[in-house]
Amino acid sequence: MIHPLVQTQKTHLTRWLWVGILLVIVGIGLRFYHLGHKVYWYDEVYTSMHVASMTRPEIRDRWGDRPFAIGELQQAQRPAAGGSLSKTIDGLRRDDVHPPLYFSMVWGWARWVGGSPAGVRSLSAVLGVLALPLMGGVAWALWRSPLTTGIAIGLMAVSPYHVLYAQEARSYSLLTVLMLGSSWLLLRAARGNRSADWVGYSITVALGLYVHLFAFFVTIGHGLYLAIAHRWRWGAVCKPVQRYRWAVAAGVAAFLPWLLTSPGFLRSAGFTTRRIPPEVLAQRWLINLAMPFFDAQVSDRRQLFDVLGDGDLRLGLTSPALWICGAIALLSVYAPWHLWQQHRATPTDRAAWWFVLTLMAVTGLLLLLPDLILGGQRSTIGRFLIPCLLGVQLAIARLFAHKLESGGGGGRSLWCTALITLAALGIVSCSVSAQASTWWHKYSSYYQHEMAALIQQAETPLVVSNNPIRLMALSHTLPSETAAYLYQDRLPLESLPFDAYQIFVVNPDQDLVQAIDRQPGYRLQPVLEQGFLWQLVRA
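Residues numbered from 1 in each chain as written. Predicted model: local features only at pLDDT ≥ 70, side-chain atom pairs only at ≥ 80, totals over all residues. Heavy atoms only, no water.

Undergrad: Would you take a moment to explain the overall build of the protein for this structure?
TA: Regarding its fold elements, the protein presents 20 helices and six strands. Taking 24 Å as the expected radius of gyration for a compact globule of 539 residues, we find that the protein reaches 25 Å, a close match to that expectation. With the principal axes as the frame, the protein shows a C-alpha extent of 90 × 55 × 45 Å. Evaluated residue by residue, the protein yields a buried proportion of 56% over its 539 residues. Look at the contacts in the protein between residues 6 or more apart in sequence, and 75% of them connect residues 24 or more apart. Of the accessible surface of the protein, which amounts to about 22600 Å², a share of 63% is contributed by carbon and sulfur atoms. Here the protein contributes 44 positive and 30 negative side-chain charges, whose respective centroids are spaced 16 Å apart. (Helix = DSSP H or I, 4+ residues; strand = E, 2+ residues; numbered from the N terminus. Rg over C-alpha atoms; globule rule 2.2 N^0.38 Å. Buried < 20%, exposed > 50% of the residue type's maximum accessible area, 1.4 Å probe, protein only. Contact = heavy atoms within 4.5 Å. Areas by Shrake-Rupley, 256 points an atom, 1.4 Å probe, with all protein chains shown as cover. Lys, Arg positive; Asp, Glu negative; His and termini not counted. Charge placed at Lys NZ, Arg CZ, Asp CG, Glu CD.)

Below is the structure:
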């Protein structure tokens, strides 16, 4: 006969299992819903350019210094009959900072499903679904707890952060998959010390580097975890640590051909070093810490993060979003502390604590310390924080599972309510975001739809820029027949057709602004300053 307590625990576990399955179904639907609805922004255009096996110099040569219909730029964003994968890889080597794995995958994917925004983004959606069982695999490898595993998968399924990047034509869903996959393989290899697991781990190290250099932050964290968990000392013999060294060395060696032959690979994104006020830095940390469970953008349609200017949305003390983010941030801090309290109980809990801590801390500190010492906003860019937020989610999943398994009747009800509330906040955030045409993660293209609407109010607009990527992004939101002009070295003001067109300048650089200021008779009139849209008029 089954003991009543055991029967009750099985009943609770079955109920949570069904809740988890429901959350996964909802999460999968959210990843594919309205895939092509949001603005196709600046970074995604780079992806489509590589899908078409094009480069910026080629686009400048083909469309530069002449009027053309902006719809023509779609040709530089669709799979081309003459485009080859080798040309795409060569273009990445010379004209981009990113390694080639994701772009090679999406190059082939787009030739199967099509090169529309929804088609290109669908690869990320599929990878976002694949990340769910891998999250469960990591949670199971850490705690061997069905409830912890189910909560981790369920919360990730409806996480607004992960849903957003599962609908982005960029490499971050693939990076999440590889980070989780390498973590799962490392935990298996450390426990069983099987050669197959170490080989698999070495492969994921190499693949991660071929997606994004930040993948190596996770690899460093894995090394620290092994050294601490196995109480390794310099010069001592420890088989897991030795095998880790060889696996990492092999993975890095596999990446060296790209590293040594790609001159642009180590270029940094200049905007990340831009100094921002301390209060903005603190608010962004708070918002990002809550982002796996609640998206503060739902509270206001103004731009949440302005990484190029000073237009961040300031959440006042009367803002419900600020208090929700604060509560989740406290929970995110409490969960690792609770894990620390538990880590002294068993060797399993001790190892899990160190794994979660190193997963979060290495990336977090490597981004945060330069910001605090040198100034910058590296630690506030959401897509850089994947390992940190995965660690937070694992810690919170374990916290809820422990409270639900060990708490009394009243305590269990309280934590049950909190868990349902957290999942509901995620679903609401995703639902609101799904209806919006723009969102915080579009950064410099946040106002692209608004910009296009203002341009279309003119009877005969001519859109001018020296940045082909900006014009290519606008080609998705403006009518295809809209006139455009891609200038090269200088804008020939005197030859522009002022009598026939209303001339709009998109994202003018400082050189152009100064050149116009130096020429009497012309001036730039702001139309949408936060969207970098100006009208060129005769004074």
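Undergrad: Which parts of the structure should I look at to understand the sheet that holds strand β2 (residues 461–465)?
TA: Note: strands within a sheet are paired through backbone hydrogen bonds, in either parallel or antiparallel orientation. If you trace the six strands from one edge of the open sheet to the other, you get β1-β3-β2-β4-β6-β5, paired in mixed fashion. Every other strand in the sheet has two partners, leaving β1 (67–69) and β5 (522–528) as the edge strands with one partner each. When the angles between neighbouring strand axes are averaged without regard to direction, this sheet yields 35°. The pairing of β5 with strand β6 (residues 533–538) spans six bridges and is antiparallel. Bridge pairing links Gln525 to Gln535 in β6. (Pairing = 2+ DSSP bridges. Axes fitted to C-alpha atoms, helices over the stretch in contact; angles between N-to-C directions.)

Undergrad: Sorry if this is basic, but what is going on with the pairing of β6 here?
TA: On a regular strand, one side chain projects to one face of the sheet and the next to the other, so that they alternate. Examined bridge by bridge, strand β4 (residues 502–506) and β6 share four bridges and lie antiparallel to one another. Across the sheet, the residue bridging to Val506 is Leu533, located in β6. In textbook terms, the turn of a hairpin is the stretch between consecutive antiparallel strands, and for β5 and β6 this stretch comprises four residues, one of which, Phe532, has a positive phi near 60°.

Undergrad: I'm lost on the environment of Phe504 in this one. Help?
TA: If you trace the backbone, Phe504 turns up in strand β4. In this structure the C-alpha to C-alpha distance between Phe504 and Gln525, which are 21 residues apart in sequence, comes to 9.3 Å. When sequence neighbours within four positions are dropped, the list of residues in contact with Phe504 reads Leu454, Ile455, Ala458, Pro461, Leu462, Val463, Val464, Val527, Leu533, Trp534 and Gln535.

Undergrad: Just checking my understanding: could you explain the pattern of salt bridges for this structure?
TA: Side chains bearing opposite charge may pair, as long as their charged atoms lie close to each other. Summed over the entire model, instances satisfying the criterion amount to 14 salt bridges. In this structure, Arg538 and Asp499 form a salt bridge, with 3.8 Å as the shortest nitrogen-oxygen distance. Here the residue Arg538 occupies a position in strand β6, and Asp499 occupies one in the loop between β3 (483–486) and β4, the gap between them amounting to 39 residues. Here Asp499 falls in the exposed class, since its relative accessible area comes to 77%. Here the salt bridges share partners, and the residues they tie into one network are Glu44, Arg121, Glu168 and Lys442. (Salt bridge = Lys/Arg side-chain N within 4 Å of Asp/Glu carboxyl O.)

Undergrad: Any chance you could explain the packing of aromatic side chains here in plain terms?
TA: A ring pair, where both rings are aromatic, is described by two values, the distance of the centres and the angle of the planes. Evaluation of the coordinates by the stated rule reveals 22 aromatic pairs. Ring plane angle 75° and centroid distance 6.3 Å describe the contact between Tyr165 and Trp440, whose orientation is recorded as edge-to-face. One end of the pair, Tyr165, is in helix α8 (residues 160–165); the other, Trp440, is in the loop between α17 (409–435) and α18 (448–456), and 275 residues separate them in sequence. The pair formed by Tyr165 and Trp440 is uniform in burial state, with each residue classed as buried. Between Tyr201 and Tyr244, the aromatic rings sit 6.2 Å apart at their centres with planes inclined by 35°, giving tilted as the arrangement. (Phe/Tyr/Trp six-rings, centres within 6.5 Å; stacked < 30°, edge-to-face > 60°.)

Undergrad: I keep staring at the side chain of Gln535 and nothing clicks. Help me out?
TA: Tracing the backbone shows Gln535 in strand β6. By relative accessible area, Gln535 is classed as buried at 18%. Filtering out sequence-adjacent residues up to four positions away, Gln535 remains in contact with Gln502, Ile503, Phe504, Arg523, Leu524, Gln525 and Val527.

Undergrad: I keep staring at the packing of helix α10 (residues 195–209) against helix α12 (residues 239–261) and nothing clicks. Help me out?
TA: When two helices pack together, their arrangement is given by the angle between the helix axes and by the axis-to-axis distance. The geometry of α10 relative to α12 is characterised by a closest axis approach of 8 Å and an angle of 40° between their N-to-C directions. Here α10 runs over α12; the crossing is right-handed. Every residue of α12 that contacts α10 at Ser195, Trp198, Tyr201, Ser202, Val205, Ala206 and Leu209 is listed here: Pro240, Arg243, Tyr244, Ala247, Val248, Ala250, Gly251, Val252, Ala254 and Phe255. Residue classes in the contact of α10 with α12 are distributed as 13 nonpolar, three polar and one charged. (Left-handed = near helix turned anticlockwise from the far one by under 90°. Nonpolar A, V, L, I, M, F, W, Y, C, P; charged D, E, K, R; others polar.)

Undergrad: For this particular structure, what's the right way to read the confidence of the model for the protein?
TA: Interpreting fine coordinate detail is not advised for predicted regions of low pLDDT. Mean pLDDT over the protein works out to 90, with 93% of the residues at or above the 70 mark. At the low end of the mean pLDDT range in the protein sits helix α20 (residues 510–518), at 76; at the high end sits α8, at 98. (pLDDT = per-residue confidence, 0-100.)

Undergrad: What am I meant to see in the side chain of Gln448 here?
TA: As for its position among the elements, Gln448 is in helix α18. For Gln448, a relative accessible area of 5% corresponds to the buried category. A polar side-chain atom of Gln448 sits 3.5 Å from the main-chain carbonyl oxygen of Tyr40. Aside from chain neighbours lying at most four places away, what touches Gln448 is Val39, Tyr40, Ala473, Leu474 and Thr477. (Polar contact = N/O pair within 3.5 Å; in protein donor to acceptor, adjacent residues only side chain to side chain.)

Undergrad: Looking at this structure, how should I read α18?
TA: Because the α-helix completes a turn every 3.6 residues, residues three or four places apart line up on one side. Taken together, the buried positions of α18 are occupied by Gln448, Met451, Ala452 and Ile455. Viewed along the axis of α18, the buried residues span an arc of 100°, placing them on a single side of the element. Against the buried residues of α18 lie β2, α19 (468–474), β4, β5 and β6. (Arc of directions from axis to C-beta.)

Undergrad: What am I meant to see in the environment of Val241 here?
TA: By secondary structure assignment, the location of Val241 is in helix α12. Sequence separation between Val241 and Thr421 is 180 residues; the distance between their C-alpha atoms is 41 Å.

Undergrad: Help me understand the nonpolar core in this model?
TA: Nonpolar side chains tend to gather and get buried jointly when the protein is soluble and globular. In this structure, Ile59, Leu142, Ile151, Tyr201, Leu394, Ile396 and Trp440 are the most contacted members of the largest nonpolar core, which totals 142 residues. Residues in contact with Ile59, not counting those within four places in the same chain, are Met49, Met54, Gly64, Leu73, Ala76, Pro468, Met472 and Leu486. Leu462, Leu491, Leu512 and Ile516 belong to the second-largest nonpolar core, a separate cluster that totals 16 residues. (Core = buried A, V, L, I, M, F, W, Y, C linked by side-chain atoms within 4.5 Å.)

Undergrad: Is there a simple way to explain the layout of surface pockets in this structure?
TA: Vacant regions in the atomic arrangement are exposed by a probe of water-molecule size rolled over the atoms. The calculated volume of the second largest pocket comes to roughly 520 Å³. Around the second largest pocket sit 20 residues that line it, and Leu289, Met360, Gly364, Cys388 and Val392 are the ones nearest its centre. Going through the elements one at a time, α13 (278–290), α14 (320–342), α15 (347–374) and α16 (386–406) are the ones with two or more residues in the lining of the second largest pocket. No other element matches α15, which puts seven residues into the lining of the second largest pocket. When the residues that make up the lining of the second largest pocket are grouped by side-chain class, the tally is 16 nonpolar, four polar and no charged. (1 Å grid on protein atoms, 1.4 Å probe; cavity = no way out; pocket = protein on both sides within 12 Å on 5 of 7 lines; lining within 4 Å. Points joined across faces, edges and corners; volume = space filled by probe spheres on them.)

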